[in-house]
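An overview of the molecular structure
Take a look at the letters that make up each chain.
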Amino acid sequence: MADGKQICLDLTEGVKIPALGFGTWQSSDEELEKAIDCALKAGYRHIDTAYAYENEKALGRVLKKWIDSGKIKREDLFIVTKLPEIGNRPSGVVKYLQRSLDYLQLSYVDLYLVHTPFGYYERGEDLHPMTEEGVIDIDVSTDHNAIWKAMEDQVLAGKARSIGISNFNEKQIERIWNSAERIKPSMLQVELHLYFQQKDLVNFCHAKNIKVCAYSPLGSRGSSQLLGKELPDVLNNEVVKEIAEKHGKTPAQILLRHIIQRGVAAIPKSTNPQRILQNIQVFDFELSSEDMNKLNDQDQGKAGRILDFSFFKGVPDHPEYPF
Ligand code: A2P
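Cut-offs applied
- Residues numbered from 1 in each chain as written.
- Predicted model: local features only at pLDDT ≥ 70, side-chain atom pairs only at ≥ 80, totals over all residues.
- Heavy atoms only, no water.
- Salt bridge = Lys/Arg side-chain N within 4 Å of Asp/Glu carboxyl O.
- Helix = DSSP H or I, 4+ residues; strand = E, 2+ residues; numbered from the N terminus.
- Buried < 20%, exposed > 50% of the residue type's maximum accessible area, 1.4 Å probe, protein only.
- Contact = heavy atoms within 4.5 Å.
- Near = heavy atom within 4 Å.
- Polar contact = N/O pair within 3.5 Å; in protein donor to acceptor, adjacent residues only side chain to side chain.
- Areas by Shrake-Rupley, 256 points an atom, 1.4 Å probe, with all protein chains shown as cover.
- Nonpolar A, V, L, I, M, F, W, Y, C, P; charged D, E, K, R; others polar.
- Phe/Tyr/Trp six-rings, centres within 6.5 Å; stacked < 30°, edge-to-face > 60°.
- Axes fitted to C-alpha atoms, helices over the stretch in contact; angles between N-to-C directions.
- Left-handed = near helix turned anticlockwise from the far one by under 90°.
- Pairing = 2+ DSSP bridges.
- Right-handed = clockwise from strand over helix to strand, strands pointing away.

**Section: the pattern of salt bridges**
- In total, this model carries 24 salt bridges according to the counting rule given.
- Here D137 makes a salt bridge to R123, at a shortest N to O gap of 2.6 Å. Of the two residues, D137 sits in the loop between strand 6 (111–114) and helix 4 (144–156) while R123 sits in the loop between strand 6 and helix 4, which places them 14 residues apart along the sequence.
- A residue is classified by how much of its surface remains accessible, and D137, at 11% relative accessible area, is buried.

Laid out in structure tokens, this is it:
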């Protein structure tokens with residue numbers, strides 16, 4: 001387990017996802033192209049993006065360069081993207097997955113996720129269409145079971161190797177799980193870090209053999225501007241620092257290893273070459289059960305959540321708002 005090799009999680013038959021992936025939310029195109037180049041050099045193969053991040057074209061350019069030069073094979077990559085809120089309906093699945101594939105210059109993605117359980121009306125290209133009252137123009141007709149059927153069709157059409165959901169709660173997952181006649185969701189991507197460990201949700205998913213992937217695994221420092229507030233600093237937690245010192249590792253490496261040892265994937269984001277490299281160097285050591293218990297005790301439960309989408313005014317009024 002700790003021999004320096006990447007750990008993979010089995011998603012579906014023959015589909016394995018590297019547990020440590022590369023997050024790309026909130027990066028400019030220029031920053032991202034450099035960061036992806038650096039991440040591929042460092043050994044990352046799982047890269048996470050979304051239509052709504054508006055960076056798929058930049059990612060696609062770097063992937064094409066690496067594939068065309070023969071430095072990497074398509075089948076060695078694990079590319080994840082997501083259906084945007086403005087496409088949260090069956091016709092949107094077909095349209096937006098094809099658009100993502102065009103932008104990424106790929107013929108299939110390895111995992112396609114429904115980005116959020118709530119949906120918006122589609123008004124041209126605007127990712128956050130607003131009403132005259134200044135709130136997001138939510139489409140309350142979002143029908144998860146109908147969307148899921150369209151997701152399954154994409155696997156059968158060869159455009160996605162596996163499918164899943166993101167930001168869904170237990171009730172919503174259960175509903176899709178029960179309705180899915182052909183392909184069950186294989187992944188749930190949610191906010192998860194030291195102060196918000198999502199223990200019940202992880203247990204619930206693992207009992208259904210749904211894997212979990214942690215976004216904001218380092219506490220999403222980059223979101224403090226978006227949220228207009230200081231965020232709790234998981235990297236400076238005293239327990240984390242003490243365990244880091246004991247292992248001769250950095251706090252970020254302890255936080256990521258803690259998540260991976262729980263059987264959960266993580267997609268830290270960085271644009272800094274040293275930190276990109278550091279974040280994938282988590283397979284050459286192991287946390288003891290005592291370390292794990294101490295880290296588990298740092299959980300703050302629901303109070304630890306950073307991102308609840310309420311910064312998008314009107315979204316909490318959607319009937320499928322999950323939190
Ligand atoms: P930077 O891009 O300058 O490295 P998350 O993945 O939880 O959203 O966290 C991303 C934030 O954490 C970014 O602001 C990133 O900044 C920072 N970050 C990423 N890796 C590390 C690390 N190893 N140590 C400290 N901060 C990090």
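**Topic: the side chain of E320**
- Tracing the sequence through the fold places E320 in the segment after helix 11 (289–296).
- When its relative accessible area of 13% is taken as the criterion, E320 is described as buried.
- Sequence-distant contacts of E320, defined by excluding residues within four places in its chain, comprise P117, F118, T142, H144, Q172 and R175.

**Brief notes about unusual backbone geometry**
- Here N167, not a glycine, exhibits a phi torsion of approximately 65°, which is positive.
- Tracing the backbone through its elements, the reader meets N167 in the loop between strand 7 (163–166) and helix 5 (170–179).
- The backbone phi angle of N209 is positive, close to 60°, even though this residue is not glycine.
- By secondary structure assignment, the location of N209 is in the loop between helix 6 (199–207) and strand 9 (211–215).

**Comments concerning the site of the ligand**
- Taken together, 17 residues form the shell around the ligand, and within it L218, S270, T271, R275 and N279 come nearest.
- Between the ligand and S220 there is a distance of 2.9 Å, counted from an oxygen atom to a backbone nitrogen or oxygen.
- For the ligand, the accessible surface in isolation is 570 Å², of which the surrounding protein chains cover 86%.
- Across the shell around the ligand, the residue classes tally to five nonpolar, nine polar and three charged.

**Re the packing of aromatic side chains**
- The tally for this structure, following the rule as stated, stands at 10 aromatic pairs.
- Between W25 and Y53, the aromatic rings sit 6.5 Å apart at their centres with planes inclined by 35°, giving tilted as the arrangement. Here W25 is found in the loop between strand 3 (22–23) and helix 1 (29–42), whereas its partner Y53 is found in the loop between strand 4 (46–48) and helix 2 (56–68), with 28 residues between them in sequence.
- We classify W25 as partly exposed; its relative accessible area is 29%.
- A centroid spacing of 6.3 Å and a plane angle of 20° characterise the contact between F309 and F323, whose relative ring orientation is stacked. Separated by 14 residues along the polypeptide, F309 in the segment after helix 11 and F323 in the segment after helix 11 bring together distant segments of the chain.
- Its relative accessible area of 9% is what places F309 among the buried residues.
- What links up through ring pairs into an aromatic cluster is the set F118, Y120, F309, F311, F312, Y321 and F323.

**A short note on the packing of helix 3 (residues 90–104) against helix 4**
- At their nearest, the axes of helix 3 and helix 4 sit 7 Å apart, and the two run at 35° to each other. The two elements helix 3 and helix 4 cross, and the hand of that crossing is right-handed. Between helix 3 and helix 4, the contacting residues are P90, V93, V94 and L97 on the first element and A146, I147, A150, M151 and Q154 on the second.
- Classifying every residue of the contact of helix 3 with helix 4 by side-chain character gives eight nonpolar, one polar and no charged.

**Things to note about the sheet that holds strand 5 (residues 78–83)**
- If you trace the eight strands from one edge of the open sheet to the other, you get 3-4-5-6-7-8-9-10, paired in parallel fashion. What marks the edges here is a single partner per strand, and that holds for strand 3 and strand 10 (265–266).
- Its contacts with the sheet put helix 3 on strand 5 and strand 6, and the angle it makes with strand 5 is roughly 140°.

**Thoughts on the pairing of strand 5**
- Of all six residues in strand 5, six are buried, a share of seventy percent or more.
- Strand direction decides the pairing type here: strand 4 and strand 5, joined by three bridges, are parallel. Looking across to strand 5, one finds that I47 is bridged to I79.
- Between the parallel elements strand 4 and strand 5, the chain passes through helix 2 in a crossover that is right-handed.
- Bridge count between strand 5 and strand 6: four bridges; the pairing is parallel. What sits directly across from K82, in strand 6, is L113.
- Remark: the strand 5/helix 3/strand 6 crossover connection has right-handed handedness.

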